[in-house]
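So the chains spell out like this:
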Amino acid sequence: MLHSFKNVFEVDLISLLTPRKQLVGLDIGSSAIKLVQLKESKGRYILQKFGVKPLEPEVIVDGMVMDEGRVVSAIRELFDETGVQNKQVAVSISGHAVIVKKISLPPLPDEELEGQVKLAAEQYIPFDINEVNIDFMYCRPTCQETNRQIWQSFSLPPRKTRSMS
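## Digging into the nonpolar core
In terms of nonpolar packing, the biggest core is built from 14 residues, with Ile 28, Ile 33, Leu 35, Val 71 and Ile 75 touching the most fellow members. Elements with a minimum of two residues in this core: β1 (22-28), β2 (32-41) and α3 (68-82). In terms of residues, this core owes the most to one element, α3, which gives five residues. One finds Ile 103, Leu 105, Val 117 and Ala 120 within the second-largest nonpolar core, a separate group that totals six residues.

Structure representation (structure tokens):
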């Protein structure tokens, strides 16, 4: 499924190198997909474009995407209908299959960090760690903190592919 979503958003190298004046947000909910574009103006953000695409009840059930093609089509239609051109998008993912945890790790070289985050994730996930999508973000420590603060998110696989370990 992630591969299909990546095809919707192509990387535009020019926009990566220029200052951002517009922000685009995409919320994939169980009953609708919402798209917003904000524009920076005088230090504030103004709603520039907004769109909602309702989804049929059978497309996303209990937080699980049942029809990936219709979700991708709805996203494309929203971009077309709203005229949003920016392909750099912040996506909201929620549901019972998503876990977000804050963990602390001692200072580590960057090349060791991913492995340690994966080891830390294993204590929260009752499934084979290789069937789970793991991502993390480094949070800068405060003056009093000596450990690295990491926001870790886990996306569990669809129930039919889960295997208890």
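## Digging into the sheet that holds β2
One open sheet accounts for four strands, arranged β3-β2-β1-β6; its pairing is mixed. Taken across any chain shown, the strands that pair with only one partner, and hence form the sheet edges, are β3 (44-54) and β6 (90-92). Averaged over neighbouring strand pairs, the angle between their axes works out to 15° when direction is ignored. Packed on one face of the sheet, α3 meets β1, β2 and β3 and runs near 130° to β3.

## Brief notes about the confidence of the model for the protein chain
Segments scoring low in pLDDT should not have their predicted coordinates read at a detailed level. Mean pLDDT over the protein chain stands at 76; residues scoring 70 or higher make up 70%. Across the protein chain, element-level confidence peaks in α3 with a mean pLDDT of 94 and bottoms out in helix α2 (residues 13-17) with 47. Scored below 50 in pLDDT, residues 10-18 makes four contacts in the model with residues more than four places away or belonging to other chains.

Reading the values: rules and limits
Residues numbered from 1 in each chain as written. Predicted model: local features only at pLDDT ≥ 70, side-chain atom pairs only at ≥ 80, totals over all residues. Heavy atoms only, no water. Core = buried A, V, L, I, M, F, W, Y, C linked by side-chain atoms within 4.5 Å. Buried < 20%, exposed > 50% of the residue type's maximum accessible area, 1.4 Å probe, protein only. Helix = DSSP H or I, 4+ residues; strand = E, 2+ residues; numbered from the N terminus. Pairing = 2+ DSSP bridges. Axes fitted to C-alpha atoms, helices over the stretch in contact; angles between N-to-C directions. Contact = heavy atoms within 4.5 Å. pLDDT = per-residue confidence, 0-100.

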